[in-house]
Amino acid sequence: MIVPQMLFRTLRSADPRCLWKFAWNFGWKGMLSVERFKRRIKRGEYFPPFLYLSILNTCNLRCQGCWVDVESKDAIDLDALNRTILDAKRHGNSFFGILGGEPFMHPQLLDLLAAHPDCYFQIFTNGQLITEKTANRLRELGNSTPLISIEGREMVSDERRGKKDVFARTLRGLENSVKAGLLTGVATSVCRSNIEELLTEDWLRELIRRGVHYAWYHGYRPVGPKPNFDLALSPEQLVRIRRFVVEMRATVPIAIIDAYYDHDGQALCPMSTGISHHIGPKGDIEPCPIIQFAVEDIHDRRGLFETMRSSAFLKDFRELSARHTRGCVVMERPDLIREIVLKHGARDTTTRGTAMAELDAITPRFSQWLPGEEVPEKHWMYRLAKKYWFHDFNAYRNVAFDAEARARQLRDELAQPVLNGATPPVPAPELVGDSQPRCSG
Ligand code: SF4
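Residues numbered from 1 in each chain as written. Predicted model: local features only at pLDDT ≥ 70, side-chain atom pairs only at ≥ 80, totals over all residues. Heavy atoms only, no water.

## Points about the side chain of Asn 93
- Note that Asn 93 resides in the loop between α3 (78-90) and β2 (95-99).
- By relative accessible area, Asn 93 is classed as buried at 3%.
- A polar contact of 2.8 Å, which involves the side chain of Asn 93, links it to the backbone oxygen of Pro 48. (Helix = DSSP H or I, 4+ residues; strand = E, 2+ residues; numbered from the N terminus. Buried < 20%, exposed > 50% of the residue type's maximum accessible area, 1.4 Å probe, protein only. Polar contact = N/O pair within 3.5 Å; in protein donor to acceptor, adjacent residues only side chain to side chain.)

See the structure below:
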């Protein structure tokens, strides 16, 4: 009964224009763009159907674990954004993730949305700048969904996001979004300080009462200039999140997104599969938002498609990370990132210029790859969608990792008593075959 309840709630609360744009630009055309991606990779050609664009790095908050240079004023101008999106559209793309910094601080965001009525945009925002006026303009355009990040209730929100009154201000933006009839989502990067508060059925039911249409739980990644490793999740907590999401999908009438598992519960990395890559706030073409290194950028005369299709740097990243883990290469094998960056002479794309030092400070830990603890999708709708349009696209056909050995490591970890405070680092995944990891414990 979950699907009829969700559908009824959404049809009753969302604006018809927003529903139509979602169904056509994201649903139908999004599916076609993944089908085109599948045909491309059969030819050995990689260009992601899902592009994530950080249109600026300025932000009004100061979150722990944020990798963005939020004090800086870099932004991609409208012409460059339009050129980038037009080129991607020529190759079948219709969906774009808009990140920052805080996207609503970009003076041309609404013009960008208006320039591409045939596309669909998911805007990753803290919600604080979504006024009634802005929300109504988004409804008129109909082609975007605000995904509003909430990292805890009053106390935890202020602590995690480095400002006062964060929760209340974010809720005001959320209310404006819902009132305007926008398809509205809430995202949380689950960490030690909010897992008990937000990874609950009660919280999901509260979101439903607030009119929210979908939720997204990310695992906190301790990266950036202020990583706060104490917030990092234990393997036990990572397993718990996966079990919770699968259970709630079959129990509570709210859609729950994830980008890390296929229909059988096999872990994957969107960057390694090639389904998504990232454009940084200076136009740098990066493997993913938290890998802040690049060789190419969107200003390349060849255009976006050709530049990304022929990028040896991106190719190496996809293949080497997939060869060594089904999880997050940043969390599990930061040594491999250093290797690829040095091999290609890639530049540090941050303004602070400390990306390599930050990488070296990361101690390997478990991420979404939890061999032996796979949880297959329970609900038919997620099984169907993932089976055909969101899986590993055969990226893990040539692996060098030993899943059995990794499963043993995980079992040992899960057998240890849950400690309060920081999660102890674990050795990097063991290898079979020729090469030895540089940082393995
Ligand atoms: S490398 Fe890590 S953060 Fe980047 S896409 Fe893969 S899993 Fe996500």
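After presenting the structure, the write-up continues.
## Looking at the pairing of strand β3 (residues 120-125)
- A large share of β3 lies buried, amounting to six of its six residues.
- Both β2 and β3 contribute to a ladder of four bridges, which runs parallel. Across the sheet, the residue bridging to Ile 98 is Ile 123, located in β3.
- In this fold, the crossover linking β2 to β3 by way of helix α4 (residues 109-115) has right-handed handedness.
- Assessed by its sense of winding, the connection that carries the chain from β3 through helix α5 (residues 132-141) to strand β4 (residues 144-149) is right-handed. (Pairing = 2+ DSSP bridges. Right-handed = clockwise from strand over helix to strand, strands pointing away.)

## Some details on the confidence of the model for the protein
- Averaged over every residue, the pLDDT of the protein is 94; the share at 70 or more is 95%.
- Counted against residues more than four places away or in other chains, residues 420-441, with its pLDDT under 50, gives 61 contacts. (pLDDT = per-residue confidence, 0-100. Contact = heavy atoms within 4.5 Å.)

## Thoughts on the layout of surface pockets
- Taken as a whole, the second largest pocket holds about 260 Å³ of empty space.
- Lining the second largest pocket we find 13 residues, and of these Arg 62, Val 68, Val 70, Pro 225 and Lys 226 sit closest to its centre.
- Considering only residue class, the lining of the second largest pocket consists of six nonpolar, two polar and five charged. (1 Å grid on protein atoms, 1.4 Å probe; cavity = no way out; pocket = protein on both sides within 12 Å on 5 of 7 lines; lining within 4 Å. Points joined across faces, edges and corners; volume = space filled by probe spheres on them. Nonpolar A, V, L, I, M, F, W, Y, C, P; charged D, E, K, R; others polar.)

## Overview of the site of the ligand
- Surrounding the ligand, one finds Arg 221, Tyr 260, Cys 269, Pro 270, Met 271, Cys 288, Ile 290, Cys 328, Val 329 and Gln 368.
- Its residues placed into classes, the shell around the ligand shows eight nonpolar, one polar and one charged. (Near = heavy atom within 4 Å.)

## Quick notes on empty space enclosed by the protein
- Tallied over the entire structure, the rule returns six cavities of 30 Å³ or more.
- If you add up the space inside the largest cavity, you get close to 210 Å³.
- Around the largest cavity, the lining is made up of 15 residues, and of these Tyr 217, Gly 219, Ile 241, Tyr 260 and Tyr 261 lie nearest the centre.
- Put simply, the parts of the chain that give the lining of the largest cavity at least two residues each are β6 (214-219) and α10 (235-249).
- Of the residues that constitute the lining of the largest cavity, the class distribution is nine nonpolar, three polar and three charged.

## Looking at the pairing of strand β8 (residues 276-279)
- Neither face of β8 is left uncovered, since the one carrying Ser 276 and His 278 and the one carrying His 277 and Ile 279 both have all their residues buried.
- In terms of strand pairing, β8 meets strand β9 (residues 285-286) through two bridges, oriented antiparallel. Its bridge partner lying in β9, His 278 is registered against Glu 286.
- In sequence, β8 turns back onto β9 through a hairpin of five residues, with Gly 283 there showing a positive phi of about 95°.

## Some words on helix α9 (residues 201-209)
- Residues Trp 203, Leu 204, Glu 206, Leu 207 and Ile 208 constitute the buried set of α9.
- One or two residues past the end of α9 sits Gly 211, with phi positive at roughly 90°.

## A look at helix α7 (residues 166-179)
- For α7, which comprises 14 residues, the first-to-last C-alpha distance of 20 Å matches the rise-based estimate of 20 Å (1.5 Å per residue) to within 8%.
- All buried positions along α7 are accounted for by Val 166, Phe 167, Thr 170, Leu 171, Gly 173, Leu 174, Asn 176, Ser 177 and Val 178.
- Those residues of α7 hidden inside the fold are in contact with α5, β4, α6 (154-161), β5 (185-190) and α9.
- Immediately downstream of α7, the backbone of Gly 181 shows phi near 85°, a positive value. (Expected span 1.5 Å × (residues − 1).)

## Let's talk about the nonpolar core
- Ranked by internal contacts, the top residues of the largest apolar core, which has 117 residues, are Leu 204, Phe 293 and Val 330.
- Sort the elements by how many residues they give to this core and α10 lands first, with six residues.
- Beyond its immediate stretch of four places on either side in the chain, Val 330 contacts Val 223, Ile 290, Ile 291, Ile 337 and Ile 362.
- Among the nonpolar cores identified, the runner-up in size contains five residues, and Cys 59, Leu 61, Val 68 and Val 70 belong to it. (Core = buried A, V, L, I, M, F, W, Y, C linked by side-chain atoms within 4.5 Å.)

## Examining the side chain of Thr 145
- By secondary structure assignment, the location of Thr 145 is in strand β4.
- A relative accessible area of 4% places Thr 145 in the buried class.
- At a separation of 2.8 Å, a polar atom in the side chain of Thr 145 contacts the side chain of Tyr 214.
- Other than its neighbours up to four places away in sequence, Thr 145 contacts Tyr 120, Phe 121, Gln 122, Ile 123, Leu 183, Thr 184, Gly 185 and Tyr 214.

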